[in-house]
Amino acid sequence: MVVKAHMKKRLVIIQVAGLGHNFLTESLGTQWKGLTFKPLKSVFPALTCTAQATFRTAAPIANHGMVANGRYHRELRKPLLWEQSCDLVSGPRIWDSFRQSGKRVALLFWQQSLGEAVDIILSPSPIHKHGGGMVQSVYSQPAGLYESLCKSIKRTFPLHRYWGPLASPASSDWIARATALLLADRSQAPDLCLTYLPALDYDLQRHGPKHPSAQRSLTALLAQLSLIRNVADENGYDLIIFGDYAIGHSSQAIFPNRALLHADLFKTRTVEGRLYPDFHASQSFAMVDHEVAHVYLRHPADLEATRTVLATLEGVETIMDAHAQQLAGIAHPHGGELVLVAKPGYWFAYPWWSDKKQAPDFATHVDIHNKPGYDPCELFFGWPPISVSQDTSRIKGSHGTTGNERAATWASTCSFKGTPANLQELAQLVKQHLETLS
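Structure report, in brief. Since this is a predicted model, take the numbers as computed values, not measurements.

Quick look at the overall build of the protein
And step 1. Counting its regular elements, the protein contains 12 helices and 23 strands.
And step 2. Over its C-alpha trace the protein gives a radius of gyration of 21 Å, about what one expects of a compact globule, namely 22 Å for 438 residues.
And step 3. C-alpha extents for the protein along the principal axes are approximately 65 × 50 × 40 Å.
And step 4. Counting across all 438 residues of the protein, residues that qualify as buried make up 57%.
And step 5. Taking as baseline every contact in the protein between residues at least 6 positions apart, the subset at least 24 positions apart corresponds to 69%.

Take a look at the structure:
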C-alpha cells in the first residue's frame, strides 16, 4: 500500500481501549466530526499489551513476543503481568526512522513504555510503601514534566480512577487534558504523539456493551476526543483514532486452574489456611487473560493429561497446541504450550480455590502483579469494605477473541491509499506515512 503525501507534518495517534466498530456504529454511526470510522480486525489475542506491541512494531506476535498482558518467566518460575519495561517488546519501532531524522516522539500511558527510545513518556508508576499503602505517582520523561502538567490541569493523575473499583472515565479525562497541553506547547510539542484513552474499558467490562453506563462512558470519551482533535487541528496535527479490541457480552467464568488442581497437576502450598500457588512444583497451570489463557507445562510429558482435563471444561471452545499456534501466527517461546480460547459469553478466571476462606490474601485486593492472571473482579468492591470482589458473576463484558462481531475500528485525517484490514496493516501504513515526513 502507498501513502499519499499530506501537508501536515505532525501526527497524533489515539488508542481507545474497547472501541469496537459495532458498539460505535450502533451508538453513533460511522461519521463523527468529519471522520469516517471503518472496521479493523484486531490482533489475536485481542489484549491491550499485545495490540500495543503489534502497533508499535508493525509486526506479529512471533516477532515482538508480547503474547498477552504478561507472561510466565520460566527462569523465575513466576508469571508477571503488566510489567512496564520496553524491552519486553522485541523489534524495531514504527517511529525509529522518523525520530532518527530529528523528530520528537511522545508515548503517553502506553504499556511497556519505560526506557523506550522516545522523547516524552508518561506512565503510571506508583511507589508501594514498605508499611503498606502507596504513593500515587506518574513516571515522566523529561523529569518534572508530570509535575508541570499537574499544575496546569490543577490536579494530580487520579490513579484510583485508572484501575480498581473506582475506575472511571475521569482518568481518561486527565490523559486527554495532558495530551492536549503537550500538543499546544510550542517549546516541547512532539512531532508524533501516541496516547491512550481507557474511558470505555471499565463499564463495558463491568456491565457489558448494551448497558446504559456504556453509553455514558462513550459520551465522556467523545468529549475527550473532541478536546484532543480541536487542539490537534489548531497546531497542525493529523489525527488517527483506533480501537485495540471490541468488548463482547460475557456472563460466565471458566476456572482452568481449579480443574488442574483437582487433577493434581497444579500445586499449592497452605499458609495459615490459605492456598498459595506453588509454581515450582506445579506440572501445569493457566495464566488467564480475559477470553484467552496460556497454559504452561513443566514437562512435555504432561501435555496430554493437561489437555484432557481442560477439554472437559464448559465454555472452552478451542485448545491450541504448538502446531495450531503456529498456523495462527501466535507461536512464540514466551507463550504457553497450550492456548485456551473461550466460547462466546465465557471468560477465564484465575482462582484455584472453591472455599473463600482458602483464598490467598491478594485475592481481595487490587494486586495486578501477584495474581497469575487478569482479574476483572477488581472493578467491584467486595466484602468486607475496601476489599475487592471475588464474585465472577458480576462481570458482563470481556475481550480477547476476534472476528466480524468483534471488529475494532479506526478513522484518520491522513490520506491513505487503500484500507487496512487489520491492526498490523494500519501500523505499516503509519510507518510509511512517518517515513514521508522524515
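Now, onward.
Thoughts on the pairing of strand 18 (residues 292-297)
And step 1. In terms of residue burial, strand 18 counts as a mostly covered element, since six of its six residues are buried.
And step 2. Taking every second residue as pointing to the same face, both faces of strand 18 are buried, with Val292, His294 and Tyr296 on one and Ala293, Val295 and Leu297 on the other.
And step 3. Here strand 17 (residues 284-289) folds back onto strand 18, and the loop between the two strands holds two residues, one of which, His290, carries a positive phi near 60°.
And step 4. Examined bridge by bridge, strand 18 and strand 20 (residues 338-342) share four bridges and lie antiparallel to one another. Opposite Ala293, over in strand 20, you have Leu340 as the bridge partner.

Quick look at the pattern of salt bridges
And step 1. Within this structure, the stated rule accounts for 15 salt bridges.
And step 2. Note that Arg206 is salt-bridged to Asp203, the shortest N-O span being 2.9 Å. One end of the pair, Arg206, and the other, Asp203, are both in helix 7 (residues 201-207), three residues apart, so they sit about a helical turn from each other.
And step 3. A relative accessible area of 7% places Arg206 in the buried class.
And step 4. With a relative accessible area of 15%, Asp203 lands in the buried category.
And step 5. Ionic pairing is found between Asp321 and Arg307, a salt bridge with its closest N-O pair at 3.8 Å. Placement of the pair is Asp321 in the loop between strand 19 (316-320) and helix 11 (322-328) and Arg307 in helix 10 (residues 303-311), with a sequence separation of 14 residues.
And step 6. Salt bridges sharing common partners tie together Arg56, Arg93 and Glu116.

What about the sheet that holds strand 18?
And step 1. Strand order in the open sheet formed by four strands is 17-18-20-19, and the pairing between neighbours is antiparallel. Each end of this open sheet is capped by a strand with a single partner; those strands are strand 17 and strand 19. The average angle at which neighbouring strand axes cross in this sheet is 20°, direction not considered.
And step 2. Bridge count between strand 19 and strand 20: four bridges; the pairing is antiparallel.

Observations concerning the pairing of strand 8 (residues 120-124)
And step 1. Of all the five residues making up strand 8, five are buried; the element is thus mostly covered by neighbouring parts of the structure.
And step 2. Alternating positions in strand 8 separate into two faces, Ile120, Leu122 and Pro124 on one and Ile121 and Ser123 on the other, with burial throughout.
And step 3. Strand direction decides the pairing type here: strand 7 (residues 105-108) and strand 8, joined by three bridges, are parallel. Bridge assignment links Ala106 to a residue of strand 8, and that residue is Ile120.
And step 4. Relative to strand 11 (residues 138-141), strand 8 is paired through four bridges, and the arrangement is antiparallel. Residue pairing in the sheet places Pro124 in a bridge with Val138 of strand 11.

Here's the deal with the sheet that holds strand 22 (residues 397-398)
And step 1. With mixed pairing, the three strands of this open sheet are ordered in space as 21-14-22. Pairing within the sheet leaves two strands with one partner each, and these edge strands are strand 21 (345-348) and strand 22.
And step 2. The pairing of strand 14 (residues 248-254) with strand 21 spans four bridges and is parallel. When the bridges of strand 21 are listed, Ile254 appears paired with Phe348.

Concerning the packing of aromatic side chains
And step 1. Per the counting criterion, the structure on display carries 22 aromatic pairs.
And step 2. Here Tyr72 and Phe279 contribute two aromatic rings whose centre-to-centre distance is 6.4 Å and whose plane-to-plane angle is 55°, an arrangement assigned as tilted. Taken together, the residues Tyr72 in strand 5 (residues 70-73) and Phe279 in the loop between strand 16 (274-277) and strand 17 connect sequence positions 207 residues apart. Taken individually, Tyr72 and Phe279 each receive the classification buried, so the pair is uniform in this respect.
And step 3. Taken together, the ring pairs connect Tyr72, Phe266, Phe279, Phe285, Tyr296, Tyr350, Trp352 and Trp353 into an aromatic cluster.

Conventions used here
- Numbering of residues begins from 1 in every chain and follows the order in which that chain's sequence is written.
- Only residues with pLDDT of at least 70 are given local features in this predicted model, and only at 80 or more are side-chain atom pairs given and counted; all residues enter the totals for whole chains, interfaces and linings.
- The side-chain figures draw on all heavy atoms in the structure; neither hydrogens nor water molecules are used.
- Segments assigned H or I by DSSP are reported as helices when at least four residues long, segments assigned E as strands when at least two residues long, and all are numbered from the N terminus.
- With C-alpha atoms as the basis for the radius of gyration, the globule rule is written as 2.2 Å multiplied by the number of residues raised to the power 0.38.
- The buried label applies to any residue whose accessible area, calculated with a 1.4 Å probe on protein chains only, is under 20% of its type's maximum; exposed applies above 50%, and partly exposed to all values in between.
- The contact criterion used is simple: two residues touch if any of their non-hydrogen atoms lie within 4.5 Å.
- For two strands to count as paired, DSSP must find a minimum of two bridges between them.
- Salt bridge, as used here: a side-chain nitrogen of Lys or Arg that lies within 4 Å of a carboxyl oxygen of Asp or Glu.
- Axis angles are defined between N-to-C directions and span 0 to 180 degrees, where every axis is a line fitted to C-alpha atoms and, for a helix, only to the segment in contact.
- Stacked, edge-to-face and tilted are the three classes for Phe, Tyr and Trp ring pairs, Trp counted by its six-membered ring, which pair at centre distances within 6.5 Å; planes under 30 degrees apart are stacked, over 60 edge-to-face, the rest tilted.

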